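Understanding the architecture of this molecule
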Amino acid sequence: MDTKDLDARNYTELLKGYVKTRDERALYGAEQISKTFIKNNILPEEIVNLHIQALLEIYPELHDKIQSSMNFLLEAMISYGLAHQEYQILREKQFEIKSEIHVAARMQKMLLQSNIPKLEDIDLGIISVPANQMNGDYHHVVKGKDGSISIAIADIIGKGIPAALSMSMIKYALDSFPENIMSTDAILASLNRVVERNIDPSMFITMFYAQYKPDTGKFYYSSAGHEPGFFYHSKENSFTEIEAKGLVLGVNPDTTYLQYEQEIVKGDMIILLTDGVTECRKGEQFIEREEVLEVIRTFMHLPAQEIVNQVYRYFERLQNFQLRDDFTLAILKKVV
Amino acid sequence: MNLQIQINEQENKSIIHLSGEIDVYTAPKLKEALLPLTKEKDTIIEANLEHVSYMDSTGLGVFINALKLSKEYESKLRLVNLQERVFRLFQITGLHEIMDIHSTIRGVDG
């Protein structure tokens, strides 16, 4: 006897028992059996048919008219059966898409480097957490032979898969530039031409690009419409916003950028972020940018990687562990 | 939160009144309404954002798209009455320097 026959047998027995005794336990049995039906993909019209067969077995003299009415019910259930089958197919498809996205997300993780170069005079910490499976934020760190360091933080606008695909374009473009000899403004201008030619007209990329050169002790930077970060000045024990003008990447092929510079001394910090950090919401209310600084201040005695981890944990809790936007935070601390 | 769109077409000028939030969910609706307007040569498209209390970067992308089209089709795109928070987004991204943005207002809807 296969499972279908077994279920049919059970159904008939339960029905027989219930009609005779009106016992609640039989009803519980019906509930259980309906779960097995669903699991085995039994269609609604098959259940009605099963019911008819069971009735005929229990009441061989079943009134003709009742029997016809049951056949009528059977017909009425057929569309439900079709809908159920469609639902099953959609579920399978959804599962396929999910696993495809999973593969894409894994590939993307490989694009985002996880090993951060170690430097003598700069302690660097970075955290980047996607709100969904795919990350629309990008970061890139390169260490030069002269001990210099280049760091890019970008936000690719346009969510999900298209954003993730653009990320590989930025990565390969950046990898092809001789970054250590190019100025930050020239890098953004070159990247802008690549992006402008290759993305959808409603997409754009914001990027902050910076270099630290130990021989001058200066931090050089340019911004392509990116959410401004902060300097921490240890002498004054104060934060200031990093001011840098510049149009987002991908709008105009002829855009030029400016390079700014800032001297940094031991104890100073550079805080770079994406709008996923400053656009955290507390309930329906946005947090203020100052609030981010207060949280950083609480943890700033820690090593850079610990600071960014703790700040992330703080805002993750604040938003009930539901990020609305990708969150990227980088901190460079001058330690020598 | 939803986005309401009302279009008022005059001779050589279309005014598009927006109200609500422009985000990843409502941006396609804005795109569908705004982009065709930019394809008429020599018309002015004025987007009134007085009642837009929130906009994210997806919304910004729609306006960038509209700006590119208006250059291609020789129409003019103008944004008016932006709330502070919304204007800040245009400022950070440097778009306020290449877009025609008139009069910003203080945040009224929060």
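Scroll up to find the structure this text is about.
Parameters at a glance
Residues numbered from 1 in each chain as written. Chains lettered and ligands numbered in written order. Predicted model: local features only at pLDDT ≥ 70, side-chain atom pairs only at ≥ 80, totals over all residues. Heavy atoms only, no water. Helix = DSSP H or I, 4+ residues; strand = E, 2+ residues; numbered from the N terminus. Rg over C-alpha atoms; globule rule 2.2 N^0.38 Å. Buried < 20%, exposed > 50% of the residue type's maximum accessible area, 1.4 Å probe, protein only. Areas by Shrake-Rupley, 256 points an atom, 1.4 Å probe, with all protein chains shown as cover. Lys, Arg positive; Asp, Glu negative; His and termini not counted. Charge placed at Lys NZ, Arg CZ, Asp CG, Glu CD. Expected span 1.5 Å × (residues − 1). Polar contact = N/O pair within 3.5 Å; in protein donor to acceptor, adjacent residues only side chain to side chain. Contact = heavy atoms within 4.5 Å. Pairing = 2+ DSSP bridges. Axes fitted to C-alpha atoms, helices over the stretch in contact; angles between N-to-C directions. Buried area = accessible area lost by both parts, 1.4 Å probe. Salt bridge = Lys/Arg side-chain N within 4 Å of Asp/Glu carboxyl O.

**Looking at the overall build of chain B**
Summing up its helical and strand segments, chain B has three helices and five strands in all. Secondary structure elements of chain B, listed N to C terminal, follow the sequence β-β-α-β-α-β-α-β. Its C-alpha atoms give chain B a radius of gyration of 13 Å, near enough to 13 Å, the size a compact globule of 110 residues would have. Dimensions of chain B, computed from the C-alpha atoms along their principal axes, are close to 35 × 25 × 25 Å. Across the 110 residues that make up chain B, the buried fraction comes to 54%.

**Notes on the overall build of chain A**
Each helix and strand counted, chain A has nine helices and 12 strands in total. Whereas a compact globule of 336 residues would reach a radius of gyration of roughly 20 Å, chain A reaches 31 Å, over 25% beyond that. In chain A, which comprises 336 residues, the proportion classed as buried is 48%. Only carbon and sulfur atoms are counted for the fraction: they give 54% of the accessible area of chain A, which is about 18100 Å². When the 35 basic and 48 acidic side-chain charges of chain A are each reduced to a single mean position, those positions are 4 Å apart.

**Brief notes about helix 2 (residues 57-73) of chain B**
Helix length check: helix 2 of chain B (17 residues) gives 24 Å between terminal C-alpha atoms against 24 Å at 1.5 Å per residue, within 8%. The backbone nitrogen of Thr58 of chain B has a side-chain oxygen 3.0 Å away, supplied by the residue at the start of helix 2 of chain B, namely Asp56 of chain B.

**Some thoughts on the side chain of Asp7 of chain A**
Within the secondary structure, Asp7 of chain A is located in helix 1 (residues 3-21). Among residues more than four places away in sequence, those in contact with Asp7 of chain A are Ile33, Thr36, Phe37 and Asn40 of chain A.

**Here's the deal with the sheet that holds strand 7 (residues 238-241) of chain A**
Residues and elements named next belong to chain A. Ordered in space as 1-12-9-6-7, the five strands form an open sheet in which the pairing is antiparallel. Since the sheet does not close on itself, it has two edges, and those belong to strand 1 (122-129) and strand 7, each with one partner. With direction set aside, neighbouring strand axes in the sheet form an average angle of 15°. When strand 6 (residues 230-233) meets strand 9 (residues 269-273), the two strands line up antiparallel, connected through three bridges. Bridge assignment links Phe231 to a residue of strand 9, and that residue is Ile270. Across the sheet, helix 8 (residues 289-299) lies against strand 6, strand 7, strand 9 and strand 12 (327-334), angled at about 140° from strand 7, the strand it touches most.

**Thoughts on the environment of Ala76 of chain A**
Residue and element names in this part refer to chain A. Checked against the element boundaries, Ala76 lands in helix 4 (residues 64-111). A relative accessible area of 44% means that Ala76 is categorised as partly exposed. Considering only alpha carbons, one finds Ala76 and Ile296, 220 residues apart in sequence, at a separation of 64 Å.

**Structural notes on the interface of chain B and chain A**
The interface is formed by 18 residues belonging to chain B together with 21 residues belonging to chain A. Summing both partners gives a buried area of about 1800 Å² for chain B against chain A, and 55% of it is carried by carbon and sulfur. For Glu227 of chain A, the salt bridge is made with Arg88 of chain B, and the minimal N-O distance between the two is 3.4 Å. Scanning the region where chain B abuts chain A turns up five residue pairs in polar contact (both at pLDDT 80 or more). Elements represented by at least two residues in the side of chain B that touches chain A include exactly helix 2 and helix 3 (84-92) of chain B. Element by element, the count of residues in the side of chain B that touches chain A is highest for helix 2 of chain B, at seven residues.

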